[in-house]
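# An overview of the molecular structure
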Amino acid sequence: MSYQQKTKETDHSVVEFIESVENPKKREDAYKLVDIFSETTGFEAKMWGPSIIGFGSYHYKYDTGHEGDAPLVGFSPRKAKISLYFAPGEPKREDLLKEFGKHTTGKGCVYINKVADIDISVLQSLITQSVQFLQATYPNS
């Protein structure tokens, strides 16, 4: 039985997705984040699955044989909080998060309430570190 990857890059419109976000402040923040992530990575925003806006991509393969593609970095303006996706296992993340501003962390995500709560230059460093770490870890992507 082969594992079907849930979150794949799609052709859905990022703008349409952002426009469907109910909260106007979250919509505004989503557009700000698209600009910051695009400018920092040099990649354009693409939809991954129904609700993740991702930038760039890499192909991973685990020792178990499981493999797939994922965005290098991304975010999702969810109802409760905005989820930011950075590289899992990136060693400098903890230090950078100390300077980041108001946030909480989950397994692979960093959650913020709004862009105004965080330091944009630290966000740019988190994005850059993630991209460099993943491109070094998965060089054939």
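A few points on the structure. (Residues numbered from 1 in each chain as written. Predicted model: local features only at pLDDT ≥ 70, side-chain atom pairs only at ≥ 80, totals over all residues. Heavy atoms only, no water.)

On to the nonpolar core, then. Taken as a class, soluble globular proteins show a tendency for nonpolar side chains to be buried jointly. The biggest cluster of nonpolar side chains holds 35 residues, and the ones touching the most others in it are F37, I53, F75, L84, F86, F100 and L123. Not counting the four nearest positions on each side in its chain, F37 is found in contact with G42, F55, V73, G74, F75, L84, F86, L123 and I127. (Core = buried A, V, L, I, M, F, W, Y, C linked by side-chain atoms within 4.5 Å. Buried < 20%, exposed > 50% of the residue type's maximum accessible area, 1.4 Å probe, protein only. Contact = heavy atoms within 4.5 Å.)

By the element assignment, P139 lies in the segment after α4 (120–137). Sequence-wise, P139 and I118 are 21 residues apart; in three dimensions their C-alpha atoms are separated by 31 Å. (Helix = DSSP H or I, 4+ residues; strand = E, 2+ residues; numbered from the N terminus.)

Together, E9, D11, E44 and D69 line one region of the surface with negative charge. The topology assignment puts D11 in the segment before α1 (14–19). In this structure D11 comes out as exposed when scored by relative accessible area, which is 81%. (Patch = residues over 30% accessible without salt bridge, like charges linked within 9 Å, V, L, I, M, F, W, Y side chains within 5 Å. Areas by Shrake-Rupley, 256 points an atom, 1.4 Å probe, with all protein chains shown as cover. Salt bridge = Lys/Arg side-chain N within 4 Å of Asp/Glu carboxyl O. Lys, Arg positive; Asp, Glu negative; His and termini not counted. Charge placed at Lys NZ, Arg CZ, Asp CG, Glu CD.)

In contact at an axis separation of 10 Å, helix α2 (residues 24–41) and α4 are set at 50° when each is read in the N-to-C sense. In this view, α2 runs oblique relative to α4, as classed from their interaxial angle. Classified by chirality, the crossing of α4 by α2 is right-handed. Between α2 and α4, the residues in contact are L33, I36, F37, T40 and T41 and I120, L123, Q124, I127, T128 and V131, respectively. When the residues that make up the contact of α2 with α4 are grouped by side-chain class, the tally is seven nonpolar, four polar and no charged. (Axes fitted to C-alpha atoms, helices over the stretch in contact; angles between N-to-C directions. Parallel < 35°, antiparallel > 145°, perpendicular 65-115°, else oblique. Left-handed = near helix turned anticlockwise from the far one by under 90°. Nonpolar A, V, L, I, M, F, W, Y, C, P; charged D, E, K, R; others polar.)

The description of an aromatic ring pair uses the distance of the two centres, along with the angle that the planes make with each other. Counting across every chain of the model gives six aromatic pairs. Taking the centre distance of 5.2 Å and the plane angle of 20° together, the rings of F37 and F55 count as stacked. Placement of the pair is F37 in helix α2 and F55 in strand β2 (residues 52–55), with a sequence separation of 18 residues. Residue classification places F55 among the buried residues on the basis of a relative accessible area of 0%. Consider the rings of Y58 and Y138, whose centres lie 5.0 Å apart with planes at 35°: the pair is tilted. One end of the pair, Y58, is in strand β3 (residues 58–61); the other, Y138, is in the segment after α4, and 80 residues separate them in sequence. With a relative accessible area of 9%, Y58 lands in the buried category. A connected cluster of aromatic rings, assembled from ring pairs, spans Y58, Y60, Y62 and Y138. (Phe/Tyr/Trp six-rings, centres within 6.5 Å; stacked < 30°, edge-to-face > 60°.)

Bringing the pairing of β3 into the picture now. Burial of β3 is one-sided: the residues Y58 and Y60 facing one way are buried, the residues H59 and K61 facing the other way are not. Sheet topology places β3 next to strand β4 (residues 67–70); four bridges connect them, and they run antiparallel. Directly across from K61, in β4, lies its bridge partner E67. Remark: five residues form the turn of the hairpin made by β3 and β4, two consecutive strands paired antiparallel; G65 in that turn has positive phi of roughly 100°. (Pairing = 2+ DSSP bridges.)

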